[in-house]
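Overview (structure and organization)
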Amino acid sequence: MINLKSKIYVAGHTGLVGSAILRKLKSKGYRNVIYRERKELDLKNQIKVYNFLKKHKPDFIFIAAAKVGGIHSNNTYKADFIFDNISIQSNLINSAYRNGIKDLIFLGSSCVYPRNCKQPIKESYLLTGALEKTNDAYAIAKIAGIKMCESYNHQYKTNYKCLMPTNTFGPNDNYDLLNCHFFPALIKKSHQLKLNNKKEIILWGNGRARREVIYVDDIADACIYFMKKKIKETVINIGTGKDYTIKEYLDKIIKQIIPHKKITIRYDSNKPNGTPRKVLDVSLAKKYGWKSKTNLNDAILKTYTYFLKKFK
Ligand SMILES: NC(=O)c1ccc[n+]([C@@H]2O[C@H](COP(=O)([O-])OP(=O)(O)OC[C@H]3O[C@@H](n4cnc5c(N)ncnc54)[C@H](OP(=O)(O)O)[C@@H]3O)[C@@H](O)[C@H]2O)c1
């Protein structure tokens, strides 16, 4: 059972999710947390990963290291997405097993579910239909990670869990407009509007795609909660269970960042919409006693405050 003295390794501690897990562990008083920069430990290097885990023997691992990006990046760098993710997760999962580490959490993604599956999406819909084309390489890699956890649990009686977060945002997000996710892109575009005192904003697609988002501190909370929890299933969805259109998210962000501003939206139909609707069924997580806590408007304000600190 994880406790404040447990040795915990956070892989991907500089990223959006990994940094939130690290913050949360520290704030809760966990005092034996280890992490490494990419330049010290490239997780694509199988031997280095094996030796690192052999030397340090953590009791618990959070795998938040991955190659991650938005629709453009997923659709452009498919080879990197499939290779990097399969390498990182396979190296960590297999080396964990070979070093006797029985507990880990692997972060999957809501992108693994079929493009046209029924909504809200239950865990059981995995592998029941064709994937969204724009991120199929990433999704296949993530599915391999999930199946690897399931297979090790089945064959070796490990306790490897896969949390499947919906679109996540918060401090330490990527704001590179070409390669980032839609939510940080909306924050940055709204900020630019404010900065340049402009009125027009350009949205990719038609703004009608429906998405669910969650604040990253809630993901970190779920990671620690489920590391402690005894569960039967390997895969658990983590989200809010609520979805809005991209246009509705923009309205909410504008209201927080530039209240009373009248804006004009231009839709760039040359850019893809992605999956028409994506919202998770979070009843399994709820059954185990976990639900998201952060109010969306508060989360937008917190995120924008971090954004201003980082980019001013
Ligand atoms: N963001 C979302 O909306 C979202 C939604 C659902 C699921 N997830 C899942 O959550 C996990 C974390 O995502 P994120 O958004 O936090 O990603 P992120 O911000 O891009 O962070 C990725 C982390 O992985 C590290 N990393 C990547 N390649 C590495 C390598 N070869 N060696 C060592 N470290 C490496 C990065 O280190 P550097 O700082 O050196 O680059 C960074 O710390 C991923 O599994 C992702 O699929 C994210």
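The structure this text deals with has already been given above.
The sections below set out a description of the structure shown in this document. (Residues numbered from 1 in each chain as written. Predicted model: local features only at pLDDT ≥ 70, side-chain atom pairs only at ≥ 80, totals over all residues. Heavy atoms only, no water.)

In this section: the sheet that holds strand β1 (residues 8-11). Strand order in this open sheet of six strands is β2-β1-β3-β4-β5-β10, and the pairing throughout is parallel. This sheet does not close on itself; its edge strands, each paired only once, are β2 (33-34) and β10 (235-238). The sheet contact formed by strand β4 (residues 103-107) and strand β5 (residues 159-165) spans five bridges and is parallel. Note on β5: the bridge partner recorded for Ile105 is Lys161. Along the sheet face, helix α1 (residues 16-27) touches β1, β2, β3 (60-63) and β4 and points at about 155° away from the line of β1. (Pairing = 2+ DSSP bridges. Helix = DSSP H or I, 4+ residues; strand = E, 2+ residues; numbered from the N terminus. Contact = heavy atoms within 4.5 Å. Axes fitted to C-alpha atoms, helices over the stretch in contact; angles between N-to-C directions.)

Before going further, it helps to examine the packing of helix α2 (residues 46-56) against helix α4 (residues 78-98). Interhelical geometry of α2 versus α4 gives an angle of 40° and a closest axis separation of 9 Å. Viewed along their axes, α2 and α4 adopt a mutual orientation that is oblique. By crossing handedness, the relation of α2 to α4 is classed as right-handed. Across from Gln46, Val49, Tyr50 and Leu53 in α2, the residues of α4 making contact are Asn91, Leu92, Ser95, Ala96 and Arg98. (Parallel < 35°, antiparallel > 145°, perpendicular 65-115°, else oblique. Left-handed = near helix turned anticlockwise from the far one by under 90°.)

Moving on to the packing of aromatic side chains. Here the structure, examined in full by the defined rule, presents 18 aromatic pairs. Here Tyr244 and Tyr249 contribute two aromatic rings whose centre-to-centre distance is 5.5 Å and whose plane-to-plane angle is 80°, an arrangement assigned as edge-to-face. Looking at Tyr244, the relative accessible area reads 25%, which means it is partly exposed. A relative accessible area of 1% places Tyr249 in the buried class. Of the aromatic side chains, those joined through ring pairs into one cluster are Phe169, Phe182, Phe183, Tyr215, Tyr244 and Tyr249. (Phe/Tyr/Trp six-rings, centres within 6.5 Å; stacked < 30°, edge-to-face > 60°. Buried < 20%, exposed > 50% of the residue type's maximum accessible area, 1.4 Å probe, protein only.)

This part is about the environment of Lys133. Among the structural elements, Lys133 can be located in the loop between β4 and α5 (136-156). In sequence terms Lys133 and Tyr156 are 23 residues apart; their C-alpha atoms lie 34 Å from each other. Leave out the neighbours within four places in its chain, and Lys133 touches Asn75 and Lys78.

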